[in-house]
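Report on the structure
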Amino acid sequence: MVLIRITIILAIIGLILFLLGKKYDKKITKNIGIGILTLIILFWIGFFAWALAETSEEYKRQFPDDNTNVESIETNDLANNTIQDAENSSFSEGRISSIENNTIYIYDNNNQKYFLTNTDDTKYIDGRTGETYSFTDLRPGYYIDDEGTIFKDITGEELKKELLISLSLSDDVNIMRTSVNEIKDVHQLGNNEAIITFEISDLVTSENFPDVNDSEHTFDVKLKVTNNTKYNTNFHGISAYNAETIENAKNDPMLYLRLNPDTLDDEYPEISEFDSYSN
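Rules of the game
- Residues numbered from 1 in each chain as written.
- Predicted model: local features only at pLDDT ≥ 70, side-chain atom pairs only at ≥ 80, totals over all residues.
- Heavy atoms only, no water.
- Phe/Tyr/Trp six-rings, centres within 6.5 Å; stacked < 30°, edge-to-face > 60°.
- Helix = DSSP H or I, 4+ residues; strand = E, 2+ residues; numbered from the N terminus.
- Buried < 20%, exposed > 50% of the residue type's maximum accessible area, 1.4 Å probe, protein only.
- Lys NZ or Arg CZ within 6 Å of the ring centre and 35° of its normal.
- Polar contact = N/O pair within 3.5 Å; in protein donor to acceptor, adjacent residues only side chain to side chain.
- Pairing = 2+ DSSP bridges.
- Salt bridge = Lys/Arg side-chain N within 4 Å of Asp/Glu carboxyl O.
- Contact = heavy atoms within 4.5 Å.
- Core = buried A, V, L, I, M, F, W, Y, C linked by side-chain atoms within 4.5 Å.

Observations concerning the packing of aromatic side chains
All chains considered together, the criterion is met by three aromatic pairs. Relative to Phe-274, the ring of Phe-198 lies with its centre 6.4 Å away and its plane at 45 degrees, an arrangement referred to as tilted. Here Phe-198, found in strand β9 (residues 193–201), pairs with Phe-274, found in strand β12 (residues 270–277); they are 76 residues apart in sequence, far enough to count as distant. Residues Phe-198 and Phe-274 agree in their burial class; the two are buried. Through a chain of ring-to-ring contacts, three or more aromatic side chains come together here, namely Phe-198, Tyr-231 and Phe-274. Geometry around Tyr-105 places Lys-113 over its ring, the cationic atom sitting 4.7 Å from the centre.

Printed below as a string of structure tokens:
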């Protein structure tokens, strides 16, 4: 909002100088007005280009494309050790039904049975925490997707803690993050600080795993923005740039958070980065 106000003020000054210079035939005054208006136009062209690039990068980070998925499979060492059945039909998600000897048996949503043969080099990635598991860490009931990403079958505070861990991971961890659905409440503390109630939800949902109760995988969490929180804005305008303007992001359909991992055990874990996108 501040940037827009400054732009409007400078545009008015530039326009006045241009008109006065033109009316009284003052070339210098007219050129100064033209210069101010030109700088404003160039600034906003550059700003829009930068914001568009930022939005594109953030979208890719939040919603990896097919190429990213391929890289994740290779990272998990599953590129040459695919999940398959007798007819080689397509697998997307399922639950581990049993583990026998070196073989993991999986049932998908259509009750089709698949298997994955473990090898000494196979590694399994936790889809919430980014941890690397060994074969002996796996348990029947765990969820698994077509990349071999593992989700433990947990609920309650244990699941809530893992969802917060997901929001604290660095960009080096190449997995999807916990979904941030909406802002429910903002409580201002003053001094550019606020306690914000967010609704977050697990990546394990009834859409992909029909036996999942979505309400058990959705939580309201209270998080804190401080003077150390970094805000990013999209190219359509500033949505939220400090604690006092967080309310502006309530209706934004895309929210992104990064938590300070050192504060996860605090009453109100701190937000180190906050982004909101209106489109």
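Further notes follow.
Topic: the side chain of Ser-276
Tracing the backbone through its elements, the reader meets Ser-276 in strand β12. By relative accessible area, Ser-276 is classed as buried at 0%. In this structure the side chain of Ser-276 is engaged in a polar contact, spanning 3.0 Å, whose partner is the side chain of Asp-252.

Structural notes on the pairing of strand β8 (residues 179–190)
Sheet topology note: the β8/β9 ladder contains nine bridges and is antiparallel. By the bridge assignment for β9, Asp-185 is matched with Thr-197. Once β8 ends, the chain turns through two residues before running back antiparallel as β9, passing Asn-191 with a positive phi of about 55 degrees.

A word on the pattern of salt bridges
Per the stated rule, a full pass over the model turns up 12 salt bridges. Put simply, Arg-128 and Asp-202 hold a salt bridge, and the shortest N to O gap is 2.8 Å. In this pair, Arg-128 sits in the loop between β4 (124–126) and β5 (132–133) while Asp-202 sits in the loop between β9 and β10 (218–232), placing the two residues 74 residues apart along the sequence. Exposure remark for Arg-128: the relative accessible area of 1% places this residue in the buried category. Judged by relative accessible area, which is 2%, Asp-202 ranks as buried. The salt bridge partner of Glu-273 is Arg-258, with a shortest N-O separation of 3.3 Å. Of this pair, Glu-273 sits in strand β12 while Arg-258 is found in strand β11 (residues 254–259), placing the two residues 15 residues apart along the sequence. Members of the salt-bridge network, linked through shared partners, are Arg-128, Lys-152, Glu-162 and Asp-202.

Considerations on the environment of Asp-252
With respect to the helices, strands and loops of the structure, Asp-252 is situated in the loop between β10 and β11. When the C-alpha atoms of Asp-252 and Ser-276 are compared, they prove to be 6.2 Å apart, with 24 residues separating the residues in sequence. Residues within four places of Asp-252 in sequence aside, it is in contact with Ser-239, Ser-276, Tyr-277 and Ser-278.

So, the pairing of strand β1 (residues 93–100)
The pairing of β1 with strand β6 (residues 143–145) spans three bridges and is antiparallel. Bridge pairing in β6 places Glu-93 opposite Asp-145. For β1 and strand β2 (residues 103–108), the ladder comprises six bridges, and the chain directions are antiparallel. Note on β2: the bridge partner recorded for Glu-100 is Thr-103. Linking β1 to β2, which pair antiparallel, is a turn of two residues; within it Asn-101 sits at a positive phi near 50 degrees.

Some remarks on unusual backbone geometry
The backbone of Asn-101 sits at a positive phi, close to 50 degrees, despite the residue not being glycine. As for its placement among the helices and strands, Asn-101 is situated in the loop between β1 and β2. According to the relative accessible area criterion, Asn-101 is exposed, its value standing at 75%. Non-glycine residue Asn-111 carries a positive phi angle of around 65 degrees.

Here's the deal with the nonpolar core
Counting 27 residues, the largest nonpolar core has Ile-183, Phe-198, Ile-200, Leu-223, Ile-246, Ile-271 and Phe-274 as the members making the most contacts within it. Among the elements of the structure, α4 (156–168), β8, β9, β10, β11 and β12 are those that each provide at least two residues to this core. Among the elements that line this core, the one with the most residues is β10, at five residues. When near neighbours in sequence (up to four residues on either side) are disregarded, Ile-183 contacts Ile-196, Thr-197, Phe-198, Ile-246, Ala-249, Lys-250, Leu-255 and Phe-274. One finds Ile-96, Tyr-124, Tyr-133 and Phe-135 within the second-largest nonpolar core, a separate group that totals 12 residues.

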